[in-house]
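Structural overview
One-letter residues, chain by chain:
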Amino acid sequence: MTPKDVLAYAKDKGARQLDLRFIDLPGVWQHVSYPIGQLEESSFEDGFGIDGSSIRGWAAINESDMLLIPDPKTAMMDPFFDVPTLVMTGNVIDPITRQKYERDPRWIAQKAEKYLLSTGAGDTAYFGAEAEFFIFDNVSFDSGANEAFYHVDAEEGRWNSGRRENNLGYRPRYKEGYFPVPPTDHHQDLRAEMVETMIECGLEIECHHHEVATAGQCEIDQRFNTLVKSADNMMLYKYIVRNVANQYGRSVTFMPKPLYGDNGSGMHTHQSIWKGGNPLFAGDGYAGLSQMALHYIGGLLKHARALSAIIAPTTNSYKRLVPGYEAPVNLAYSRRNRSAAVRIPMYSSNPKAKRVEFRPPDPSCNPYLAFAAMLMAGLDGVMNRIDPGESLDKDIYDLSPEEMKSVPSMPASLEEALACLEDDHDFLLRGDVFTEELIEIYIGYKKKNEADAVRLRPHPYEFSLYYDI
């Protein structure tokens, strides 16, 4: 839509409120609302003032004034608010310089698209991300100086949790939740309502199903789109999933590993580059790939350990990235093989369907930063013709210790991932897509607020291990 179209749309839908949304550095949607009368055609240039000093990873208190500029292409009516509300995503600019704000994750994703165009390698990067999640009935947790605990309860959980109804029938066994029909799949109707709401909001959905883990692990697949649009769609996807579940008294989490002993939640990300309407990843090389696609894979694998700090950005991410739970710990590529970090899907021989699937990301990431960083790593491979090495077409977990020595692996902790990013981030700085300042702020925030905060606290299981030592 144009600004004029948005005003007409708001009037036609009877909108009485405007809700502007933007994203903080860790990847959580923020919002501010106005009476609809505050929205004028000039608002799309003048913007709306906000205080950026209280947003995680943003401005200091002495430079807190920011402007939100509504993006008319993102306009929709909110499906959950009681008062009819027009929603738009905003771009953040500095009110003095009128320049885009360098810590706005959406601007970083937009710069990544501009950088692709500037290289001449392609004009469009398509991303399709598959974000898995858990639906719990209830969750409680706390952490203090003298206590720490969490407790989740799920209709599908294979445990007796003090419910009045302790019937464990029709609950998926650990690692056996993939594709059972109801009543074992307890959430068919709930997912269907999520999908209907997504379609109503403009998302294009391909399928939905129960995932491998027990206790309500699900996946809803969106159709691929351009980089920034896919990141916008991922934020809307998470918003809808959480709110539909909340209407039924349920709670959704995108934590990568909320349950011990079962599969975690990933966000496998399909990627391809096009130019002039033509796919560039199809060719006559390995698995039907072009040389460009193989070089793109080479870039992903070369920088995967540094990427991990952005695409698997939580301490909990590294409880998912362990052998034995279908998680891509080892850095290799293969057709069909889901134990490799990069998989080449073989569902279709159509050149337009040819893509690479990067499997280490999880849904706790900020999609704008994650998609931009993956594109920059892949493009580094393309521009520098990085050889991905030999493919690995057998189950990586069955390799001998001697064979495993030649296969590099993902970091084992957030601390290690952040150290890798400190050592290897020049590829992110090209085209000023990421800035040195932003990377420093990101690493500092993650160390202080997450890695150190978890490292310094006693773990509940340590009491089981060590109390009587």
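Let me sum up the structure you'll find in this document. Please read these numbers as outputs of a predicted model, since none were measured by experiment.

On to the overall build of the protein. A count of helices and strands for the protein gives 13 helices and 18 strands. Counting only C-alpha atoms, the protein reaches 65 × 60 × 45 Å along its principal axes. Looking at the protein as a whole, 54% of its 469 residues qualify as buried. For the protein, restricting intrachain contacts to residue pairs at least 6 apart in sequence, the fraction spanning at least 24 positions comes to 68%. Total accessible area on the protein stands at roughly 21,400 Å², and carbon and sulfur atoms take up 49% of it. For the protein, the centre of its 48 positive side-chain charges and the centre of its 67 negative side-chain charges are spaced 3 Å apart.

Bringing a nonpolar patch on the surface into the picture now. A cluster of nonpolar side chains, namely Tyr461, Leu465, Tyr466 and Ile469, defines an oily patch on the protein surface of about 490 Å² accessible area. Here leucine 465 is to be found in helix H13 (residues 460-466).

Ranked by internal contacts, the top residues of the largest apolar core, which has 98 residues, are Phe133, Met194, Tyr237, Leu375 and Phe434. Top element by residues in this core is helix H6 (residues 291-311). It accounts for 13 residues. Aside from chain neighbours lying at most four places away, what touches phenylalanine 133 is Met194, Gly216, Gln217, Cys218, Glu219, Ile220, Tyr237, Val241, Val252, Thr253, Phe254 and Ser265. Counting 21 residues, the second-largest nonpolar core is a separate cluster that includes Phe22, Phe44, Met66 and Leu86.

In contact at an axis separation of 10 Å, helix H10 (residues 414-423) and helix H12 (residues 436-455) are set at 165° when each is read in the N-to-C sense. Considering the angle they form, H10 stands roughly antiparallel to H12. Crossing angle aside, the handedness with which H10 passes H12 is left-handed. In contact with Leu414, Glu415, Leu418, Leu421 and Glu422 of H10, H12 contributes Ile439, Tyr442, Ile443, Lys446, Lys447, Glu450, Ala451 and Arg455. Its residues assigned to classes, the contact of H10 with H12 shows seven nonpolar, no polar and six charged.

What counts, and where the lines are drawn
- Residues numbered from 1 in each chain as written.
- Predicted model: local features only at pLDDT ≥ 70, side-chain atom pairs only at ≥ 80, totals over all residues.
- Heavy atoms only, no water.
- Helix = DSSP H or I, 4+ residues; strand = E, 2+ residues; numbered from the N terminus.
- Buried < 20%, exposed > 50% of the residue type's maximum accessible area, 1.4 Å probe, protein only.
- Contact = heavy atoms within 4.5 Å.
- Areas by Shrake-Rupley, 256 points an atom, 1.4 Å probe, with all protein chains shown as cover.
- Lys, Arg positive; Asp, Glu negative; His and termini not counted.
- Charge placed at Lys NZ, Arg CZ, Asp CG, Glu CD.
- Patch = residues over 30% accessible without salt bridge, like charges linked within 9 Å, V, L, I, M, F, W, Y side chains within 5 Å.
- Salt bridge = Lys/Arg side-chain N within 4 Å of Asp/Glu carboxyl O.
- Core = buried A, V, L, I, M, F, W, Y, C linked by side-chain atoms within 4.5 Å.
- Axes fitted to C-alpha atoms, helices over the stretch in contact; angles between N-to-C directions.
- Parallel < 35°, antiparallel > 145°, perpendicular 65-115°, else oblique.
- Left-handed = near helix turned anticlockwise from the far one by under 90°.
- Nonpolar A, V, L, I, M, F, W, Y, C, P; charged D, E, K, R; others polar.

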